Amino acid sequence: MATIKKDERLTSSQSFSCVGFAGILSKSVTSPLEVVKIKSQVGTFHCKRAFWQSFLLIYTNEGLRGFWKGNLVSCLRLFPYSAVHLAAYKKIVHLHMDELGYVSQWRAILAGGIAGIAAALATYPLEVAETRLIVQNCREPTYAGVLHTLGSVYRSEGLLALYRGFTLTVLGAFPFSVGCFAVYMNWEKLWQEPPFRFNSLQNFINAAWPPALSYPFDTVKRKMQAQSSHLPHLGGADVHFTGILDCFRQMIRNKGISSLWSGFTANTVKVSVIYVAVSCLTLALLYTCFEMCKQVCLYRNGYIVSPLSYTLAPGVDQSLGPYELEEVRRYLRNRNFRSQESYKNRW
């Protein structure tokens, strides 16, 4: 898995802003794939066609704007979700550290799962709004925006409707965590070589199958988020149900067990090439945007001479943190001021 290394020359708020800016761009780039995936999960008429025809059908009925429905609320959700997830994860990991400050891998994965549940609980209404906005036709909209969606759902369906399907988030977190732990414990046995020698295909497989374990829960959750008696065609879901178990039962009875992986298994081969291309593009944009934002912050902090290059500022200790560097500057300014005052007093 690729990670962005923390630069100690940035403040916590600057690092958070850079990662958030890069995340927003990556979400915006992959939004068309997300729209098609969610429509496939809900079971709207778009998903009854082939993968490429789904894109064409959305473009014909809704235009280019249809591929970025719900992207704004998805980007808005990114910041509170990341903040709550990070804070909860640090707190839980700290509680499970031993005397030397270490924590076992399975405890760290469990902490990640619990932190994810806490973050999802805090931002779940935004996820419901995202699903409703994606499922509707943007040329004949029921909802006019994020606030209108949240307000309309609350007024017509009640507060619980904004958390409909949240139980599935909790249930799905456990197979996902177990899958991650199983991959971590057994990947050397599976591939017969150490992790640093894995190629792109091996890393892709390692990363892909844990989400596959929790994907059925996500599919049912999306259907529950979309279905409403106050919407045309009950929200567009391909099955009508009264609860979680009834939704599972009707999907398996009417469409087979593979329908639980709608948008995941049926299109895996078709999507693989475009998925890799979009992933590479997204990763490149993620790092590019992060580095651009980082350069601006480093320039503001005084570490480099220009926001357009990484040329280091002369005479600046790059090992100092931003607050330490500011203290040094303040000290030098005060010392120069006192020396000038003493020089004037002599005359």
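Residues numbered from 1 in each chain as written. Predicted model: local features only at pLDDT ≥ 70, side-chain atom pairs only at ≥ 80, totals over all residues. Heavy atoms only, no water.

**Comments concerning the side chain of S228**
Put simply, the rule reads: Helical segments are the DSSP runs of H or I of at least four residues, strand segments are the runs of E of at least two, and each set is numbered from the N terminus. Burial classification: accessible surface area is computed with a 1.4 Å probe over protein chains only, and a residue below 20% of its type maximum counts as buried, one above 50% as exposed, and the rest as partly exposed. The contact rule is simple, with two residues in contact once any of their heavy atoms fall within 4.5 Å.
With respect to the helices and strands, the residue S228 is situated in the loop between α8 (200-226) and α9 (244-255). Overall, S228 belongs to the buried group, its relative accessible area being 3%. If sequence neighbours within four positions are ignored, S228 has contacts with R132, E157, L234 and G235.

**Notes on helix α4 (residues 71-95)**
The test is simple: A helix is expected to span 1.5 Å for every residue after the first. What we call the bend at a residue is the angle made by axes fitted to the seven residues finishing there and the seven residues starting there.
With 25 residues, α4 should reach 36 Å at 1.5 Å per residue; the first-to-last C-alpha distance of 36 Å fits that figure. Considering bend angle alone, the principal kink of α4 is centred on L78 and spans about 25 degrees; proline P80 follows within four residues of it. By the burial criterion, the buried members of α4 are N71, V73, S74, C75, R77, L78, A88, I92 and V93. On its buried face, α4 is in contact with α1 (12-29), α2 (31-42), α5 (105-135) and α6 (146-157).

**Here we look at a nonpolar patch on the surface**
We apply this condition: Think of a patch as exposed residues, more than 30% relative accessible area, with no salt bridge, where like charges cluster within 9 Å and nonpolar side chains (Val, Leu, Ile, Met, Phe, Trp, Tyr) cluster within 5 Å. Reported accessibility uses the Shrake-Rupley method at a 1.4 Å probe radius. Residues are deemed covered only where the shown protein chains occlude them. Take a side-chain nitrogen of Lys or Arg and a carboxyl oxygen of Asp or Glu: if they are within 4 Å of each other, that pair is a salt bridge.
Taken together, the side chains of L56, Y59, L64 and W68 make up a nonpolar region of the molecular surface, amounting to roughly 450 Å² of accessible area. As for its position among the elements, Y59 is in helix α3 (residues 51-62).

**A few points about the nonpolar core**
Under the convention used in this document: Here, the term nonpolar core denotes a set of buried Ala, Val, Leu, Ile, Met, Phe, Trp, Tyr and Cys residues that are joined through side-chain atoms within 4.5 Å.
Judged by nonpolar contacts, L33, V35, V36, I38, V42, F55, I58, F67, I134, V135, A226 and A237 together constitute the single largest core of twelve residues. For this core, the secondary-structure elements that each account for two or more residues are α2, α3 and α5. Residue contributions to this core peak at five residues, all from α2. Setting aside residues up to four positions removed in sequence, V135 forms contacts with K39, V42, T44, K69, A226 and G235.

Any link to function would need more than the numbers given here.
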